[in-house]
Amino acid sequence: MFSFTSIENYHNFLANTSNGCSLAVDYYLKKNIDHKYLNAFTEIYTDECIERAKLLDAKRKNGEPLNKLHGVIIAIKDVICYKNHKVTAASAILEGFTSVYNSTAVEKLLQEDAIIIGSCNCDEFAMGSTNENSVYGNVLNALDETKVAGGSSGGSAVAVQAGLCMVSLGSDTGGSVRQPADFCGIIGLKPTYGRISRYGLIAYASSFDQIGIFGNSIDDVGLVLKVLSGADDYDSTVSDITFTLDDAPKTDKEQKKYRIAFIKNALDHSSIDPEIKKRITDLGNELTKAGHTISMIKFDLLDYLVPAYYVLTTAEASSNLSRYDGIRYGKRASVDNAELTKFYTANRTAGFGKEVKRRIMLGTFVLSAGYYDAYYSKAQQIRQLLVKKTVDIFQQYDAVIMPTVPSTAHEIGEMIKDPIKMYLADIYTVYANLTGIPAISIPLFKHSNGMPFGAQIMTNRYNEVTLLDISRMLLAQFKEH
Ligand code: GLN
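Our subject in this report is the structure included herewith.

Reading the values: the criteria
- Residues numbered from 1 in each chain as written.
- Predicted model: local features only at pLDDT ≥ 70, side-chain atom pairs only at ≥ 80, totals over all residues.
- Heavy atoms only, no water.
- Helix = DSSP H or I, 4+ residues; strand = E, 2+ residues; numbered from the N terminus.
- Contact = heavy atoms within 4.5 Å.
- Buried < 20%, exposed > 50% of the residue type's maximum accessible area, 1.4 Å probe, protein only.
- Pairing = 2+ DSSP bridges.
- Salt bridge = Lys/Arg side-chain N within 4 Å of Asp/Glu carboxyl O.
- Core = buried A, V, L, I, M, F, W, Y, C linked by side-chain atoms within 4.5 Å.
- Near = heavy atom within 4 Å.
- Polar contact = N/O pair within 3.5 Å; in protein donor to acceptor, adjacent residues only side chain to side chain.
- Areas by Shrake-Rupley, 256 points an atom, 1.4 Å probe, with all protein chains shown as cover.
- Nonpolar A, V, L, I, M, F, W, Y, C, P; charged D, E, K, R; others polar.

**As for the environment of tyrosine 372**
So, point 1. Within the secondary structure layout, tyrosine 372 lies in the loop between helix H13 (354–367) and helix H14 (373–396).
So, point 2. Sequence separation between tyrosine 372 and valine 87 is 285 residues; the distance between their C-alpha atoms is 33 Å.
So, point 3. Those residues within four positions of tyrosine 372 in sequence are excluded, and the remaining contacts are Val366, Leu367 and Ser377.

What follows is the structure, given as structure tokens:
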């Protein structure tokens, strides 16, 4: 029977198994059929996976060297363009739309011989925290099917959680990779803004969006990051600062001592579950005992994070989503002989869901002449202050540790009724997107309610090497089993 533990082990297995990729594909396709009820995928590329696996098995037979992601079975969120495949952002407005080009991320995956198994369910246009804003319906958390998977990349998270692929891609504008990773008990990385090209990633808020990676091991996530990172002629915001994996022996890396800041007022926040507070606080104490330098610092701007995030992202979204008019893309409403504005209105009314409409309206409002200075300019100023503060923090510390989410996964239907409550729960994740720093959620803890939760680690911009090293150390030494 095929089983997957890490890409490295899988590659060792392939070295001795002539039809190894085909075996793996067969295993995952069957597993996906059995787990269809989780609703993690919007489409599975069955025939082409089988074909690609055969080709890769033949490549090995011919003695060709293995590319970095040879035969690795990857799922992608339904906001990442894959040529000649449907991409809908889980929205009715893109119903039936097929990508005409590959995103740079997909191009890189294919160049390294990955097998893309399918596209994953998500919140419409990546707006949400529960995967309940999807035209395909919600995704179930495989650990407790009455609970949400998290969002917006809920399908990508459950695809890894339930073992329906080896690794997956999501997108993270305000926590959409880290939060579902936390709810599902897996690893979720949001790289530095500018690390991975956004070319071919359907835009929500362009100055925040970043493709992120879900996996079960730090090495797998690091390897996929290495493949995806790097400058791109199609996205001028990507840096040419190279990401090189740290080759030092693992045991040396685990012995390194770090200076880490914990945010006191984040842990004292009224929204935090007491058990999450306790476990993260205890982690700080244990790290001190283990010889790391831990400081409790105060972060004055904490309460401004969520408002600034929602003002700026809705503003950007209102502009980005103006392109969906039912003429150039996707679905058209059936209105006869309507005048142009009425025609647009009919298409957008029928095509967008409630949350997307809410955000377009909020964004249009904060950008309107009468309110621009009161909201948009103020939020930009807060973003500047945050960046300054962040520079100061990383002059003194290697990393910041915080919870990822104030609570564990909630019941399906519980949060969706109260959008403000849902927005406020993004308190710990949006900071990294407002400032562009890399952040990761790693599954360290189990709550007495039976659900997992993670710790969130952040480092300075372009310092994913330290981020991954600290994560590896924490998982090796502090994971509760
Ligand atoms: N929950 C956040 C929001 O609704 C995060 C979304 C994201 O990262 N794509 O905006």
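There is more to say after this.
**Considering the pairing of strand E7 (residues 187–190)**
So, point 1. Side chains of E7 alternate between two faces, with Ile187 and Leu189 and Gly188 and Lys190 buried alike.
So, point 2. Sheet topology note: the E7/strand E8 (residues 211–215) ladder contains 3 bridges and is antiparallel. By the bridge assignment for E8, isoleucine 187 is matched with glycine 215.
So, point 3. Pairing between E7 and strand E12 (residues 439–446): 3 bridges, direction antiparallel. Paired with lysine 190 across the strands is alanine 439, a residue of E12.

**Some details on the pattern of salt bridges**
So, point 1. Scanning the entire structure with this criterion turns up 23 salt bridges.
So, point 2. The partner of lysine 54 in a salt bridge is glutamate 51, with the nearest N and O atoms 3.6 Å apart. Taken together, the residues span about one helical turn, with lysine 54 and glutamate 51 both in helix H3 (residues 46–61) at a distance of 3 residues.
So, point 3. Residue lysine 54 is classed as partly exposed on the basis of its relative accessible area, which comes to 48%.
So, point 4. Judged by relative accessible area, which is 46%, glutamate 51 ranks as partly exposed.
So, point 5. Taking the shortest distance from any N to any O, the salt bridge between arginine 178 and aspartate 172 comes out at 2.8 Å.
So, point 6. Of the residues examined, arginine 178 reaches a relative accessible area of 0% and is grouped as buried.
So, point 7. Judged by relative accessible area, which is 0%, aspartate 172 ranks as buried.
So, point 8. Each of Asp144, Lys147 and Glu411 takes part in one network of salt bridges that share partners.

**So, the pairing of strand E6 (residues 167–171)**
So, point 1. With 5 of its 5 residues buried, E6 lies for the most part within the structure.
So, point 2. Here E6 shows two buried faces, one formed by Val167, Leu169 and Ser171 and the other by Ser168 and Gly170.
So, point 3. Here 3 bridges tie strand E2 (residues 73–77) to E6, and the two strands are oriented parallel to one another. Bridge pairing in E6 links isoleucine 76 to leucine 169.
So, point 4. Bridging between E6 and E8 involves 4 bridges; their strand directions are antiparallel. By the bridge assignment, glycine 170 is partnered in E8 with glycine 212.

**Here's the deal with the nonpolar core**
So, point 1. With 148 residues, the main nonpolar core has Leu69, Phe125, Leu169 and Leu474 as its most contacted residues.
So, point 2. If sequence neighbours within four positions are ignored, leucine 69 has contacts with Ile7, His11, Ile74, Leu109, Glu112, Asp113, Ala114, Leu223, Val224 and Val227.
So, point 3. Among the nonpolar cores identified, the runner-up in size contains 5 residues, and Val148, Val405, Ala409 and Met451 belong to it.

**Let's talk about the site of the ligand**
So, point 1. Of all residues adjacent to the ligand, which total 15 residues, the nearest are Ala126, Thr173, Gly174, Ser176 and Tyr309.
So, point 2. Interatomic distance of 2.6 Å between a backbone N/O atom of glycine 174 and an oxygen atom of the ligand.
So, point 3. One of the side-chain N or O atoms of tyrosine 310 is found 3.3 Å from an oxygen atom in the ligand.
So, point 4. With the chains in place, 99% of the 290 Å² that the ligand exposes on its own is no longer accessible.
So, point 5. Among the residues forming the shell around the ligand, the class breakdown is 5 nonpolar, 7 polar and 3 charged.

The analysis is restricted to geometry; functional conclusions fall outside its scope.
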